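# Analysis of the macromolecular model
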Amino acid sequence: MSGVLLIAEASGEQLAPTTAELVGEGLRLSIADFGPVTALLVGKNIQAVAASLGQLGIENVLVADSRGPTPPTPRWVLAAAEQAARQLQPEVILVTHAGGGRDLAPSLAYRLGTGIVTDSTALRVENGELVITKPVYGGSAIAEFTIASTPRVVTLRPRAFEAAESPAAREAHVQALDVPSTDDAIEVLEEVREQATTGPRLKDAKVIVSGGRGLGGPENWKYVEELAQVLGAAVGATRAVTDAGWVPPSLQVGLTGATVAPDLYITIGISGAVQHIAGISGARNVVAINRDADANIFKYARYGVVGDWKQIVPAFTQRLKELRG
């Protein structure tokens, strides 16, 4: 076995935002003698997108295009990934730990009879062995793992990895992967449409403003949204807030919600439960606003403000508006 297989996704005419991170790690492993990098691009009507992987430095691209009337099902994507892995026999398979990748990777590892480490935050090569770092125990500790079997399947936490610093753009060799139909029988039981949110998507955001139960009630949620709008930030929430119905579940950050890694994470009225901390362990800078000086969130914050958010947040938002003209 040799080489690195990246499993990338595309939507319409755009690659997923995390693709550059997968490519960056794949190229670094290739330099460390893990062999050539091949990207498997999965999606619907994505032939035109495949060539753009060459701009990121990828030479070989396999395209699994469903060409169906609807987006490919998880079962079909799994079949494509398994077929590519058996065809290429890579040493390492890298998948993004988000969206479909979070479910795909464990199933793929099972199909291939190999080991997996999920939600990794760092990779390094030591004495020819791939060492994988990830948070454990709800983010309260960091552990290192190796995988004895091959191919090693690893999922990468979004925004925890840097894209290639100077990707060498090249013309990618694109090859179609003919994936047989899985004959999925899908019955739509219910269609739920969530109201579209403005601003950046939570999982891709570089700045996030999150609110907790300390806000007091849903009538105060507007202060979180107003601050986020001024900063051009995404809006997040704790599980207590989403369970209470203040905001949609899609805004939940934490162990059972979204795992985020922004450059700046501002919390308002969040105590810092271990489940929430697990979801923000990749944040580079945490700013906590809470009236309880003993709140757990202050243990993880680079900057902390102890006081009544009703006085702090509106004044902070107003000052930002003035500074931004």
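Our subject is the structure that appears above.
Residues numbered from 1 in each chain as written. Predicted model: local features only at pLDDT ≥ 70, side-chain atom pairs only at ≥ 80, totals over all residues. Heavy atoms only, no water.

## Quick look at the overall build of the protein
Short version of the rule: Only DSSP runs of H or I covering at least 4 residues are called helices, and only runs of E covering at least 2 are called strands; the numbering of each starts at the N terminus. All radius of gyration figures rest on C-alpha atoms, and the globule criterion is 2.2 Å times the number of residues raised to 0.38. Burial classes follow relative accessibility: with a 1.4 Å probe on protein chains only, a residue under 20% of its type's maximum area counts as buried, one over 50% as exposed, and anything between as partly exposed.
The helix and strand tally for the protein stands at 8 helices and 16 strands. Rg of the C-alpha trace for the protein: 21 Å, near the compact-globule value of 20 Å for 325 residues, within the 12% margin. Projected onto its principal axes, the C-alpha coordinates of the protein cover approximately 60 × 50 × 40 Å. By residue count, 48% of the 325 residues in the protein fall in the buried class.

## A look at the nonpolar core
The line we're drawing: Buried Ala, Val, Leu, Ile, Met, Phe, Trp, Tyr and Cys residues form a nonpolar core when they are joined through side-chain atoms within 4.5 Å. The contact definition used throughout considers only heavy atoms, calling two residues in contact when any of these lie within 4.5 Å.
One finds Leu6, Leu41, Leu94 and Leu123 to be the most contacted residues of the largest nonpolar core, which totals 29 residues. Elements represented by at least two residues in this core include exactly strand S1 (4-11), helix H1 (19-34), strand S3 (37-43), helix H2 (47-50), strand S4 (60-65), strand S5 (92-96), strand S8 (129-136) and strand S10 (152-156). Ignoring sequence-local partners within four residues, the contact set of Leu6 consists of Leu22, Val23, Gly26, Val37, Thr38, Ala39, Leu40, Ile58 and Leu94. Within the second largest apolar cluster, 24 residues are counted, among which are Trp76, Ala81, Val95 and Leu104.

## Structural notes on the pattern of salt bridges
Using the following cut-off: What counts as a salt bridge is simple: a side-chain nitrogen of Lys or Arg found within 4 Å of a carboxyl oxygen of Asp or Glu.
The full count for this structure, using the stated rule, is 15 salt bridges. A salt bridge links Glu322 to Arg319; the shortest N-O distance between them is 3.2 Å. Highlighted residues: Glu322 and Arg319, both in helix H8 (residues 309-323), separated by 3 residues, approximately one helical turn. Residue classification places Glu322 among the partly exposed residues on the basis of a relative accessible area of 47%. Its relative accessible area of 46% is what places Arg319 among the partly exposed residues. Several salt bridges converge on common partners, so that one network encompasses Arg159, Glu162, Asp263 and Arg284.

## Comments concerning the layout of surface pockets
Basically, it comes down to this: We place a 1 Å grid over just the protein atoms. Points where a 1.4 Å probe fits but has no way out form a cavity, open points with protein on both sides within 12 Å along at least 5 of 7 lines form a pocket, and any residue with an atom within 4 Å of a point lines it. Grid points are joined across faces, edges and corners, and a volume is the space filled by probe spheres set on the points. In this count, Pro and Cys sit with the nonpolar residues alongside Ala, Val, Leu, Ile, Met, Phe, Trp and Tyr, while Asp, Glu, Lys and Arg are called charged and the others, Gly among them, polar.
As a volume, the largest pocket reaches approximately 790 Å³. If you trace the largest pocket, you find 36 residues lining it, with Glu9, Ala98, Gly99, Gly100 and Gly101 closest to the centre. When residues of the lining of the largest pocket are traced back to their parent elements, those giving at least two are S1, strand S2 (14-15), H1, S3, helix H3 (74-88), S5 and helix H4 (99-112). For the lining of the largest pocket, the leading source of residues is H4, giving 6 residues. Of the residues that constitute the lining of the largest pocket, the class distribution is 17 nonpolar, 12 polar and 7 charged.

## Some points on the sheet that holds strand S9 (residues 141-145)
To be explicit about the condition: Here a strand pair is declared whenever DSSP counts at least two bridges between the two strands. Each axis is a line fitted through C-alpha atoms, taken for helices only over the stretch in contact, and angles between the N-to-C directions span 0 to 180 degrees.
What the 3 strands build is an open sheet, ordered S7-S8-S9; its pairing is antiparallel. Bordering the open sheet on either side are strand S7 (122-126) and S9, each of which pairs with just one other strand. Taking each pair of neighbouring strands and ignoring which way they run, the sheet shows an average axis angle of 25 degrees. Pairing analysis gives 5 bridges linking S8 to S9, with the strands arranged antiparallel. Bridging across to S9, Lys134 finds its partner in Ala143. Contacting S7 and S8, H1 crosses the sheet at an angle of about 5 degrees to S7.

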